[in-house]
Amino acid sequence: MSEFDLGKFEEEAHERWTRAFESNPSDREKFYLTVAFPYPSGAMHVGHGRTYIVPDVIARFWRMRGRQVLFPMAFHVTGAPVVGISKRIARNDPKTIHLYRDLYKVPQDVLAEFTEPLTIVKHFAAEYQRVMTSCGLSIDWRRRFITVDPTYSKFVEWQWKHLYEAGHVIKGAHPVRYCTVDDNPVGDHDLLEGDKAEVIKFTLVMFHYGDAFIPTATLRPETIHGVTNLWANPNVTYVRALVDGKPWIVSKEAAEKLVLQDHTVEVQEEIEGKDLVDKTVTHPLCGTVPILPADFVDPDMATGMVMSVPAHAPFDYIALRDLQQQGKYTQIKPIPLIKVEGYGEVPAQDAVERAGIRHQMDSRMDTLTQEIYSAEFSKGKLFGKYGGQPVRVAREEVAQEMCDKYHSVVMYEFDTRPVICRCGNKVKVKILHDQWFLKYSDPAWKQQAGDHLKDMALVPPEVRAEFDRTVGWLKDWACTRRVGLGTRFPWDPAQLIEPLSDSTVYMAYYTIAHKIREIDPKLLTPAVFDYIFLGKKSPDLPEKKKLDAMREEFLYWYPYDFRFSAKDLISNHLTFQIFHHVTIFPKDKLPKGMVVFGMGLLNGAKMSSSKGNVFLLEDAVSEFGADTVRMFLTGSAEPWQDFDWRNELVLSTKKQIERFYSTVMEIQDAGGEPQDIDRWLISRLQEHIAKMTAVLENFQTRQALQEASFGIETDLKWYRRRLPEGCDGSRELATLCSVWTRLLAPFIPFTAEHLWKEMGSKDLVSFAEWPVADEKLVNTRIELAEELLARTVEDIESIRKLIQITPKSITIVLAPEWKHEIFRTIARSTDRNTVIKEIMKDDEMKKRGKEATDAAKQCTTLIHRLPPQVVAPLAEESVNERAVFEAAQAFLEHEFSVPVHIADAESSEHAKGATALPFKPAIVIE
């Protein structure tokens, strides 16, 4: 038997797989799947591994099912992240140098060249391809491209021509996330932290402080009537600044932010926060209120000053309560102004006290705050003296009134912080003028996207609500940048199309990527792409023969069947690509389905390259073997669930593969004559084939592995246990080994290829025919017999452990026929709660009285415990239990090393015999 050596298996397979997975149009049905292409700015970790290995398993599965499969890959290098990395490396930033030199293991001479962004891109794109190949990904690498290739840029320009002509690209002023170091708007992919942060519109409530204003930002201007005080951080240095010619007192950070939001700001002097404490401010709608000290006030949040409404804001209430418990400011009382069902007169107090919250740091405070705010907005009404309007109406009206009469203005801020650019700088909100946007707010465009979403297969189904929500709330998207890599914006060449906006329909580009590079980019006019993708003919098309070949590729492969990506991309990329597809392509070329991934954990914590909490994919493959990594990443959780990488669990997966390999090598040459137990094994195998096929069609990789690995291994253990002494098995084992190897080939292709060759095949198992369940080989009678026997053996073992004696004999007592009648009646019944009454109407059962009633109850309990696939056939016909146990008598006596007797309950002298039930005989150990 050849030695189990994953490294050797990998070398063998790589030699045989050269160009094997290059895929061209054929007369077979196609299966086209794509996965979000990576941004190659660092080394791959095991989280990336799961992202790309799961689609590979699916690609291999459908390839073996006879489909023509396309699984392509490219590299996304658009945007500013890699520019920021190169700048940090150029200035010898210690954290960045440590990350690339020590974690990503970039050689020093290569790292020295990383001051050029494209050098970083090219290095890691090559590394990604190398590591992906080492993992056994069956990718058609001919179609590889990067998003700054001239031919791809021409494709992007064509895409944007259609978006522009459809009215989806507009120009205007808009608040955006902005990096002041890169002098650039930033998108989700440009951020180290805060990619979920949204820009929120706040109203600045202007309180008079002497001759100046102190502005406080609020999302709830209607609560102005309940303000009891302001909060200032005594440890912060504030500034007095002329803002648009008027004196304001704000934090230093706020002064910087206001400059970015169309205000002129001239700082005049600094003011210590402690000098503001105990002073008073006034506002026409709430009168004079004091400024109280609060360490929790964040100078980087809006203006760095906060208005306090303790009746309706749990944080304000508990902060005031803390001070009053120290004997301070006891004269201040919450001022309720909103009535809301389910809460007392002072909602914040009611909620805090009811929850038993003792301090501001309680982890429940955020949830409680959101609960109060939501309840008041949806169901709350202002008291009559404050207008009596619903909160949702009053909010907008009061905000407008404040702006019209009381000097209020709007300020934009993030809903969560911090927001950090990949260059390491804090991101701020800036109002950009002459900024280009994709108008995702357009109701008609939303309707188009939403309508197509209804036709798409989404996995898992529950993500549909998140997609629908995203389509609903999606706002206009700043789609251009001034700094970074990418395609120049056609109508404003000084700007670049930002990363998410240039990567929405590249799945179509894959279909022609290997052919389009043969054409001079200067010849790639919009008319060329209109012909390739839309079939629009026009005069003087260049290289017509080549264009026809590309159109043939596109028509064969498109639309894609499934796209795989992470769940955090639902809120941007995965939804953007639907908007763009419905604008550009005809209905028969729109995407068919998407599979959404869960997140990756490392020893229970979220993986993060920037925080060093990663395990590199290359290291994992080197330490455990590619097949081990593949099996663990696809078998530890379903793709849409979060997975947790733990080395000790990965090691057990490697041992599992070794067991599989050793078992196949040991049993594949068995040549005995088939017996009933062989027919049982082959019958069970058909069920594993059918179940595994069904769950893989639904992308359930974990469940598939349960069937193919644990399910078949468990059956083999019982099979070998049941073989007569001196028998190694029959020639049916060769059939099982062939099927088993093919079932596991998508998951552990390196081991499978080696075994396939050991079995005598000259062809690749990667292209072998997927096993198909044969109903003719399913033998329910034999399966039920073995199920009965296995359950009885398990019961005997349990009793022996319990009674702790050395037995002299074992008697298996079989239930009488009348109990079988009861069992069948109950098993066939649709209402098992009333069936006992029906049974007792039978004259024979009436005579048995309580004995029959008790048996019916016991049978009902047993039926609930048995698997449905066991109950269903037993409902039609009982197993000949005596024949089963007599045929297995020698096996049982060998198992337990004592005489085994089979008796009927009605002739048995043992009191236990009365407890015998169908499919659960009584067991007497003496």
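In this report, we go over the structure that sits alongside the text. (Residues numbered from 1 in each chain as written. Predicted model: local features only at pLDDT ≥ 70, side-chain atom pairs only at ≥ 80, totals over all residues. Heavy atoms only, no water.)

1. Comments concerning the overall build of the chain
To be explicit about the condition: Every helix listed is a DSSP run of H or I at least four residues long, and every strand listed is a run of E at least two residues long, numbered separately from the N terminus. Only protein chains enter the calculation, and the probe is 1.4 Å; a residue is then buried if its accessible area is under 20% of its type maximum, exposed if over 50%, and partly exposed in between. Residue contacts follow a heavy-atom distance rule, with two residues in contact if any of their heavy atoms lie within 4.5 Å. Charge assignment: positive for Lys and Arg, negative for Asp and Glu; neither His nor the chain ends contribute. Each charge is placed at NZ for Lys, CZ for Arg, CG for Asp and CD for Glu.
For the chain, the count of helices and strands is 34 helices and 32 strands. If one aligns the C-alpha atoms of the chain with their principal axes, the spans along those axes are about 105 × 80 × 50 Å. Evaluated residue by residue, the chain yields a buried proportion of 56% over its 926 residues. When contacts within the chain are restricted to residue pairs at least 6 apart in sequence, long-range pairs at least 24 apart make up 78% of them. Positive and negative side-chain charges of the chain, numbering 115 and 133 respectively, have mean locations separated by a distance of 2 Å.

2. Things to note about the sheet that holds strand β23 (residues 488–489)
Here is the rule: At least two bridges found by DSSP between two strands is the condition for calling them paired.
The three strands are arranged β22-β24-β23 in an open sheet whose pairing can be described as antiparallel. Strand pairing shows two members of the sheet lacking a second neighbour, β22 (480–481) and β23, which therefore form its edges. Pairing analysis gives two bridges linking β23 to strand β24 (residues 492–497), with the strands arranged antiparallel. Bridge pairing in β24 places F489 opposite D492.

3. Overview of the environment of V528
Locating V528 in the fold gives a position in helix α17 (residues 526–534). Residue V528 is classed as buried on the basis of its relative accessible area, which comes to 1%. As for V528 and N24, which are separated by 504 residues in sequence, their C-alpha atoms are 22 Å apart. Apart from residues lying up to four places away in sequence, V528 is in contact with L523, L541, P542 and L547.

4. So, the packing of aromatic side chains
Our working rule: Pairing of aromatic rings covers Phe, Tyr and the six-membered ring of Trp, with a centre-to-centre limit of 6.5 Å; geometry is then stacked below 30 degrees between planes, edge-to-face above 60, and tilted otherwise. Any Lys NZ or Arg CZ found within 6 Å of a ring centre and within 35 degrees of that ring's normal is scored as a charge over the ring.
Throughout the structure, instances matching the rule amount to 59 aromatic pairs. Ring geometry for F489 and W491: centres 5.3 Å apart, planes at 70 degrees, overall edge-to-face. The class of W491 is partly exposed, set by a relative accessible area of 31%. Relative to F585, the ring of Y558 lies with its centre 5.7 Å away and its plane at 45 degrees, an arrangement referred to as tilted. Of this pair, Y558 sits in the loop between α18 (544–557) and β25 (562–566) while F585 sits in the loop between α19 (573–584) and β26 (593–597), placing them 27 residues apart in sequence. Residue Y558 shares its accessibility class with F585, and that shared class is buried. We note K430 situated over the ring of Y178; from NZ or CZ to the ring centre the distance is 4.5 Å.

5. Digging into the pattern of salt bridges
For the record, the criterion: Criterion for a salt bridge: a side-chain nitrogen of Lys or Arg within 4 Å of a carboxyl oxygen of Asp or Glu.
Tallied over the full model, the rule gives 55 salt bridges. The salt bridge partner of E222 is R220, with a shortest N-O separation of 3.7 Å. Exposure remark for E222: the relative accessible area of 0% places this residue in the buried category. With a relative accessible area of 6%, R220 lands in the buried category. We note a salt bridge from R417 to D298, for which the minimum N-O separation is 2.8 Å. Of this pair, R417 sits in the loop between β17 (409–414) and β18 (420–421) while D298 sits in the loop between β13 (287–293) and β14 (306–308), placing them 119 residues apart in sequence. We classify R417 as partly exposed; its relative accessible area is 34%. When salt bridges that share partners are traced, they join R19, E22, D140, R142, R143 and E553 into one network.

6. Thoughts on the packing of helix α13 (residues 443–455) against helix α14 (residues 464–473)
Describing two packed helices takes the angle between their axes plus the distance from one axis to the other. Note the cut-off: The angle between two axes is taken between their N-to-C directions and runs from 0 to 180 degrees, where each axis is a line fitted to C-alpha atoms and a helix contributes only its stretch in contact. Just so you know how the angles are binned, under 35 degrees is roughly parallel, over 145 roughly antiparallel, 65 to 115 roughly perpendicular, and the rest oblique. When residues are grouped by polarity, Ala, Val, Leu, Ile, Met, Phe, Trp, Tyr, Cys and Pro land in nonpolar, Asp, Glu, Lys and Arg in charged, and all others, Gly among them, in polar.
Contact geometry for α13 and α14: axes closest at 9 Å, N-to-C directions at 170 degrees. Taken together, the axes of α13 and α14 are roughly antiparallel relative to one another. Between α13 and α14, the contacting residues are K446, G450, L453 and K454 on the first element and R464, F467, D468, V471, G472 and W473 on the second. Class assignment for the residues of the contact of α13 with α14 results in four nonpolar, two polar and four charged.

7. Quick look at the nonpolar core
Applied cut-off: Working definition of a nonpolar core: buried Ala, Val, Leu, Ile, Met, Phe, Trp, Tyr and Cys residues. They are joined through side-chain atoms within 4.5 Å.
Counting 163 residues, the largest nonpolar core has F564 and W645 as the members making the most contacts within it. No other element matches the 10 residues that helix α2 (residues 46–64) contributes to this core. Ignoring sequence-local partners within four residues, the contact set of W645 consists of V46, L601, L602, N603, M607, F615, A620, F624, V629, F632, L633 and V650. Judged by nonpolar contacts, the second largest core, of 66 residues, contains F145, I516, L590 and M594.

8. A word on the sheet that holds strand β27 (residues 600–602)
The three strands are arranged β28-β27-β29 in an open sheet whose pairing can be described as mixed. Unpaired on one side and paired on the other, β28 (605–606) and β29 (643–645) mark the two borders of the sheet. When β27 meets β29, the two strands line up parallel, connected through three bridges. Counterpart to L601 in the pairing with β29 is D644.

9. What to know about the side chain of H514
So the rule is basically this: Pairing of N or O atoms within 3.5 Å defines a polar contact, subject to two protein rules: one partner must be a possible hydrogen donor and the other a possible acceptor, and residues neighboring in sequence count only if both atoms are side-chain atoms.
Residue placement: H514 occurs in helix α16 (residues 513–516). Of the polar contacts made by the side chain of H514, one reaches the side chain of R143; its length is 3.5 Å. Among the polar contacts made by the side chain of H514, one reaches the side chain of E553 at a distance of 3.2 Å. Leave out the neighbours within four places in its chain, and H514 touches R142, R143 and E553.

10. With respect to unusual backbone geometry
With an omega dihedral of 5 degrees, the bond running from R417 to P418 counts as a cis peptide bond. Residue position: P418 is located in the loop between β17 and β18. Cis peptide bonds are those with omega within 30 degrees of zero, and the linkage from Y558 to P559 qualifies with 5 degrees. Along the chain, the position of P559 falls in the loop between α18 and β25. Although it is not a glycine, D278 sits at a positive phi angle of roughly 75 degrees. Within the element layout of this structure, D278 appears in the loop between β11 (265–272) and β12 (280–283). Positive phi, normally seen in glycine, also occurs at A302, with a value near 55 degrees. In this fold, A302 is placed in the loop between β13 and β14. For A302, a relative accessible area of 3% translates into the label buried.

11. Thoughts on a negative patch on the surface
Keep this limit in mind: Patches here: salt-bridge-free residues with over 30% relative accessible area, like charges joined within 9 Å, nonpolar side chains (Val, Leu, Ile, Met, Phe, Trp, Tyr) joined within 5 Å. Where accessible areas are quoted, they stem from the Shrake-Rupley method and a 1.4 Å probe; at the residue level, only the protein chains shown are allowed to cover.
Taken together, E3, D5, E11, E15 and E658 make up a surface patch of like negative charges. Relative to the elements of secondary structure, D5 occurs in the segment before α1 (6–17).

12. Describing a nonpolar patch on the surface
Nonpolar side chains collect at one region of the surface, where L802, I803 and I805 lie side by side and expose about 300 Å² of accessible area between them. Relative to the helices and strands, I803 is located in helix α27 (residues 780–803). The partly exposed category is assigned to I803, whose relative accessible area is 35%.

13. So, the pairing of strand β19 (residues 427–438)
In regular strands, side chains alternate between the two faces of the sheet. The element β19 is extensively covered by neighbouring structure, given that 10 of its 12 residues are classed as buried. Sheet topology places β19 next to strand β21 (residues 477–478); two bridges connect them, and they run antiparallel. By the bridge assignment, F437 is partnered in β21 with A478.

14. Some words on the packing of helix α20 (residues 617–624) against helix α21 (residues 626–635)
Where α20 meets α21, the axes come as close as 6 Å, and the angle between the chain directions of the two elements is 115 degrees. One element, α20, and the other, α21, form an angle in the roughly perpendicular class. Only A626, T628 and V629 of α21 make contact with α20, whose side of the interface consists of L617, A620, V621 and F624. A breakdown of the residues in the contact of α20 with α21 according to their chemical character gives six nonpolar, one polar and no charged.

15. Some details on α20
Here is the rule: Think of it as the arc spanned by the lines of direction from the helix axis to the C-beta atoms.
For α20, the complete set of buried residues consists of L617, A620, V621 and F624. Viewed end-on, α20 has its buried residues packed into an arc of 95 degrees, placing them on one side of the element. Buried residues in α20 make contact with α1, α2, α6 (117–134), α21, β29 and α22 (647–667). Of the residues trailing α20, G625 is marked for its positive phi of about 95 degrees.

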